[in-house]
Amino acid sequence: MGLSQNRCDVLVVGGGPAGLAAAIALRQRGFDVLVADALVPPIDKACGEGIMPDSRRELAHLGVDLADAHGAPFRGIRFCDEGSTASADFPGTPDRPGEGIGLRRLVLHTLLVDRARDLGVRMCWGTPVTLAPKQAASLVGEPISYRYLIGADGQSSRVRAWAGLNRGTLQTRRFGSRVHYRIRPWSHYVEVHWGPLGQAYITPIGDNEVCLAVVTRFPELARTTRIIDTIPLLREKLRHAEITSRERGSITTTRTLRSVVRDNIALVGDASGSADAVTGEGLAVVFRQAALLADSIQSGGLSSYVAGHARTLRLARTMARALLLMDRYPALRRKALQVFAHDEVLFEKLLRVHLGEEPLNRFVFADAPRLGARMLLPSQLRS
Ligand SMILES: Cc1cc2nc3c(=O)[nH]c(=O)nc-3n(C[C@H](O)[C@H](O)[C@H](O)COP(=O)(O)OP(=O)(O)OC[C@H]3O[C@@H](n4cnc5c(N)ncnc54)[C@H](O)[C@@H]3O)c2cc1C
């Protein structure tokens, strides 16, 4: 890239979902945006590959319309353990049921890159941004001038360290892995199987393919086979299915930063904090942050991003806390699943809260007492 091109309104470091979504949202508002990523598309990553309905809506705002042909639609979430199965459909109407969609991460990345290109976002692939302490950012050894720099470089963000934004709290750190199997999806739900070592999620991603992602507290066990060996139902289902991808691992954290902005530098996506992957809300949060950031820059600065960022993660973190209690205390999890299996309306309400479609405080006042009573009093399960 020549020096004359080393100028832009916004430099985005990282071309994953967060960086590309931010670039698209900014370009939609008329900014000259340059995205640089160390890797070359399509970029793969360990992910459960389930796009929840709220995430799908955010993508549509960016002009990325996911069609069923891109993957496989799913209608809700199903929790399973050794004793119970509970299903909850996404909110919707009988003629327009709410739908999520499972799709390969590679497909999602390609769609985002195509949309960014169509809008005129400049993209430099295979181009790590060099961030040396107390020095300006440089691209292929050349300095680059920008009005804003966005750090969208993931969990272990270098931009975060370079900008002095690492202060915060790491609430949880777990280990994930994912692989694909050639098998006809047996369910219209994303199934979350709770086992003794962690969770295994099955997301349908095509007529004849599913994604299996596992998440565990134990780093030495973060292999898909180790986890499904402890979940007999899944082990049986997948025993003869052909593996169609290379296994990929990643960490997943719940992290809160003190601040996500310094001067003209802002963090977005996993770089700016996160909620454990068990929530399945990572991408929805990322896309929401991208829109908020673009609106803020359009209104002349980063202050409304600063004001609104914490809100983008609050609900997902609360849900992560509750779900990780179930991970840590099997007796609690068994009880909760029994209650949800017995009272799927309650489970559906909780899913609505999870998706931000119903306020958490309304659930706490109206439904939590019923949940509490059923958890504490076995006789309530029969009523
Ligand atoms: C096991 C697992 C399962 C998950 N399941 C789901 C799910 O089902 N649904 C969901 O919504 N979310 C899920 N998530 C969360 C979701 O994957 C993340 O929230 C999302 O990937 C975050 O995107 P990002 O763009 O912030 O980061 P990333 O996807 O990590 O992208 C960061 C990019 O920055 C680039 N980069 C890094 N450093 C530099 C540098 N110096 N210069 C240039 N480029 C650089 C990297 O190459 C990378 O492309 C899951 C996560 C895990 C770990």
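Scroll up a little and you will see the structure.
Residues numbered from 1 in each chain as written. Predicted model: local features only at pLDDT ≥ 70, side-chain atom pairs only at ≥ 80, totals over all residues.

**Examining the site of the ligand**
Put simply, the rule is: By convention here, the C-beta atom is placed from the backbone, and a residue is near a molecule or strand when that atom is within 6 Å of it. To qualify as a helix, a DSSP run of H or I must reach at least 4 residues; to qualify as a strand, a run of E must reach at least 2; elements of each kind are numbered from the N terminus. In this classification, Asp, Glu, Lys and Arg are treated as charged, Ala, Val, Leu, Ile, Met, Phe, Trp, Tyr, Cys and Pro as nonpolar, and every other residue, Gly included, as polar. What counts as a domain boundary in this text is fixed by an automatic or database domain assignment.
Taken together, 41 residues lie near the ligand, and Gly-16, Gly-48, Gly-176, Gly-269 and Gly-282 sit nearest. Of all the secondary structure elements, the ones that give two or more residues to the shell around the ligand are α1 (17-28), β13 (168-182), β16 (209-216), β18 (248-257) and α7 (282-298). In terms of residue count, the dominant contributor to the shell around the ligand is α7 (four residues). A class-by-class count of the residues in the shell around the ligand yields 19 nonpolar, 14 polar and eight charged. Shared between two domains, the shell around the ligand holds at least three residues of each, these being domain 1 (3-71 + 102-170 + 254-319) and domain 2 (172-251).

**Observations regarding the pairing of strand β6 (residues 85-89)**
Selection rule: Two strands are counted as paired when DSSP detects at least two bridges linking them.
Note that strand β5 (residues 76-80) and β6 share five bridges and pair antiparallel. In the sheet register, Phe-79 faces β6, and the bridge partner there is Ala-86. Where β5 folds back on β6, the antiparallel hairpin that results is connected by four residues.

**Brief notes about the packing of helix α9 (residues 330-342) against helix α12 (residues 368-376)**
The following threshold applies: Axis angles are defined between N-to-C directions and span 0 to 180 degrees, where every axis is a line fitted to C-alpha atoms and, for a helix, only to the segment in contact. Each angle gets one of four labels, with under 35 degrees taken as roughly parallel, over 145 as roughly antiparallel, 65 to 115 as roughly perpendicular, and the rest as oblique. A clockwise turn of the near helix away from the far one marks a right-handed crossing, whereas an anticlockwise turn of less than a right angle marks a left-handed crossing. Here the contact rule is simple: place C-beta atoms from the backbone, and any two residues whose C-beta atoms are within 7 Å are in contact.
Relative orientation of the contacting elements α9 and α12 amounts to 120 degrees, with a least axis distance of 9 Å. Judged by the inter-axis angle, α9 sits oblique to α12. Regarding α9 and α12, the two cross each other, and that crossing is right-handed. Along the contact surface, α9 presents Lys-335, Ala-336 and Val-339, while α12 presents Leu-371, Arg-374 and Met-375. Partitioning the contact of α9 with α12 into residue classes produces four nonpolar, no polar and two charged.

**Let's talk about helix α10 (residues 344-354)**
Worth spelling out the cut-off: In this scheme the burial state of a residue depends on its C-beta neighbours within 10 Å: 20 or more other such atoms mean buried, 12 or fewer mean exposed, and anything in between means partly exposed; the C-beta positions come from the backbone.
Among the residues making up α10, those that are buried are Phe-347, Lys-349, Leu-350, Leu-351 and His-354. Residues of α10 that are buried in the fold lie against β5, β6, α8 (303-328), α9 and α11 (360-366). Directly beyond the C-terminal end of α10, a positive phi value near 80 degrees is found at Gly-356.

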